[in-house]
Amino acid sequence: MRKRDMIKRLVLGAGLALGLTAAMAPVAADDPIKVGVLHSLSGTMAISETTLKDTVLMLVDAQNKKGGLLGRQLEAVVVDPASNWPLFAEKARELLAKDKVAVVFGCWTSVSRKSVLPVFEELNGLLFYPVQYEGEESSKNVFYTGAAPNQQAIPAVDYLMNELGVQRWVLAGTDYVYPRTTNKILEAYLKQKGVAKEDIMINYTPFGHSDWQSIVADIKKFGATGKKTAVVSTINGDANVPFYKELGNQGVSAETIPVVAFSVGEEELSGIDTKPLVGHLAAWNYFMSVEAPENAAFITKWHDFIKNPKRVTNDPMEATKIGFDLWVKAVEKAGSTDTNKVAAAIIGLETPNLTGGIARMLPNHHITKPVLIGEIQDDGQFAVVWQTAGTVPGDAWSDFLPGSKDLEADWTAPVKCGNYNTKTKKCLGAQAAK
């Protein structure tokens, strides 16, 4: 071999080696595993979402103290979509494409989740969504650790009807997809239960709505017919504060017209005057007041991390913890953070919830959860007045809507579909496995 050819080969070989080294650098064994945090830290939803950012930071810190994951440390990458729904999609793309996160914990409102969903499916990312929602969805890229309607809304209505004798219904919500779809399900359910159309009042208000005087007056008038009336509230964010204040101003108490809320928890009650709210209800899958060893340990860890013994815990925090714990177990089982491997490994995995039961990831990407009804106390906590005997499996598609009752989600073989029609035996396509 001529000397010139030998030198050329050595140079090419060295260049190839350098190129391989550079290509391998982003996945070096000692590089951290990046965890995306996609929650509003400003705007109307910051009252609820900021705490979930802190929860993920606590979970990442605790996992790193255990030695990390797959021999690597975790690194939280926090962004602020600022209660701006299109910005959620932009920030999600930034996390997946630029920051190369292995997983994202985030979103609160369904409109924010709907905004980011195409991004996660396009870039094949993993999203753990920790808040109650309207159902009617199952994506191969999303794991829903909050409640589906059959794990919150339907049991709450059953409680009001069976235990309190409610006959007239005010469905009051913020004007976006979660309240509208949930109320569509509840309206259909109530009518199936024999409730007349004239005994159902539906009202929507914008995010951040503050002038409740006329609406509360209408609710009061609607409840003055002699039939027991209740408000089922899907009002979200900081609009809840003036809503409950106006109820108090107009003398609407829990005794006269009880309110059961799906988006008011300990965090929303902290720091406000709870006198107008005492006796009203909330339906969740967790309350801070539940006495269980797992819950006591979690509260202690939270206070130690946040360094404020007055900070409360709430349901979406528990759902965040459950999602994080299941993700960690799935990564360990798969031996990888690869999206497809983790998504396959997570089905059937279990982790303790904070009320003493077990959360299991189902083939439809929902989990098993208990359902609890809590009564608001003057200290901002909830006294549990009712709960299911065991856990309830989350149902992605409502049994009470004509277009949904024949659908099921199953991301395991051979179905591998988010909206499989059990009658036609076909996947409807848009959410089929790719």
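That block above? That's the structure.
Residues numbered from 1 in each chain as written. Predicted model: local features only at pLDDT ≥ 70, side-chain atom pairs only at ≥ 80, totals over all residues. Heavy atoms only, no water.

Trainee: When you look at the packing of aromatic side chains in this model, what are you seeing that I'm missing?
Mentor: The geometry of an aromatic ring pair comes down to the distance between the two centres and the angle between the two planes. The full count for this structure, using the stated rule, is 16 aromatic pairs. An angle of 85° between the planes, with centres 6.0 Å apart, marks the rings of Tyr-129 and Tyr-133 as edge-to-face. One exposure class covers both Tyr-129 and Tyr-133, and it is buried. Geometrically, the ring pair formed by Tyr-159 and Trp-386 is tilted, given 6.3 Å between the ring centres and 45° between the ring planes. (Phe/Tyr/Trp six-rings, centres within 6.5 Å; stacked < 30°, edge-to-face > 60°. Buried < 20%, exposed > 50% of the residue type's maximum accessible area, 1.4 Å probe, protein only.)

Trainee: Is there a simple way to think about the pairing of strand β15 (residues 382-387) in this case?
Mentor: Along any regular strand the residues' side chains alternate between the sheet's two faces. With five bridges joining them, strand β14 (residues 372-376) and β15 adopt antiparallel strand pairing. Bridged to Ile-373 within β15 is Trp-386. Hairpin connection, β14 to β15: the antiparallel pair is bridged by five residues, and Gly-380 has positive phi, about 85°. (Pairing = 2+ DSSP bridges. Helix = DSSP H or I, 4+ residues; strand = E, 2+ residues; numbered from the N terminus.)

Trainee: Any chance you could explain the environment of Asp-30 here in plain terms?
Mentor: Inspection of the secondary structure puts Asp-30 in the loop between α1 (3-24) and β1 (33-38). Since its relative accessible area comes to 67%, Asp-30 is described here as exposed. Considering only alpha carbons, one finds Asp-30 and Arg-72, 42 residues apart in sequence, at a separation of 5.9 Å.

Trainee: For this particular structure, what's the right way to read the sheet that holds strand β5 (residues 142-144)?
Mentor: Backbone-to-backbone hydrogen bonds pair the strands of a sheet. The strands run either parallel or antiparallel. If you trace the five strands from one edge of the open sheet to the other, you get β2-β1-β3-β4-β5, paired in parallel fashion. Both outer strands of the open sheet, β2 (74-79) and β5, are each paired with one neighbouring strand and no more. For this sheet, the mean inter-axis angle between neighbouring strands, taken without regard to orientation, is 25°. Across the face of the sheet, helix α2 (residues 46-65) comes into contact with β1, β2 and β3 (103-106) while running at roughly 165° to β2. (Axes fitted to C-alpha atoms, helices over the stretch in contact; angles between N-to-C directions. Contact = heavy atoms within 4.5 Å.)

Trainee: Mind showing me how you'd approach the environment of Asp-158 here?
Mentor: Locating Asp-158 in the fold gives a position in helix α5 (residues 153-163). For Asp-158, a relative accessible area of 22% puts it in the partly exposed group. A C-alpha to C-alpha distance of 9.5 Å links Asp-158 and Leu-190, two positions 32 residues apart in sequence. Discounting residues that sit within four places of it in the chain, Asp-158 has contacts with Glu-163, Tyr-189 and Lys-193.

Trainee: What am I meant to see in the nonpolar core here?
Mentor: Within the largest apolar cluster, 65 residues are counted, with the highest numbers of intra-cluster contacts made by Leu-38, Trp-327 and Ile-346. Counting residues per element, this core draws most heavily on helix α11 (residues 315-334), which supplies eight residues. What Leu-38 contacts, discounting residues up to four positions off in sequence, is Glu-49, Val-79, Pro-81, Phe-88, Lys-91, Ala-92, Leu-95, Val-104, Phe-105, Gly-106, Cys-107 and Val-116. (Core = buried A, V, L, I, M, F, W, Y, C linked by side-chain atoms within 4.5 Å.)

Trainee: How should I be thinking about the packing of helix α7 (residues 213-222) against helix α8 (residues 240-249) in this particular structure?
Mentor: The relative placement of two packed helices is expressed as an angle between their axes plus a distance between the axes. Put simply, α7 and α8 touch, their axes get as near as 9 Å, and they point 55° apart. By the angle between their axes, α7 is oblique relative to α8. At the point where α7 passes α8, the crossing takes the right-handed sense. Residues Gln-213, Val-216 and Ile-219 of α7 lie in contact with α8, whose contacting residues are Phe-243, Glu-246 and Leu-247. Residue classes in the contact of α7 with α8 are distributed as four nonpolar, one polar and one charged. (Parallel < 35°, antiparallel > 145°, perpendicular 65-115°, else oblique. Left-handed = near helix turned anticlockwise from the far one by under 90°. Nonpolar A, V, L, I, M, F, W, Y, C, P; charged D, E, K, R; others polar.)

Trainee: What should I look at first to understand the pairing of β1 in this one?
Mentor: Of all six residues making up β1, five are buried, and the element is well covered by its neighbours. Read as a crossover between parallel neighbours, the route from β1 over α2 to β2 is right-handed. Pairing geometry for β1 and β3, over four bridges, is parallel. Each residue of the ladder has a partner; that of Val-37, found in β3, is Phe-105. (Right-handed = clockwise from strand over helix to strand, strands pointing away.)

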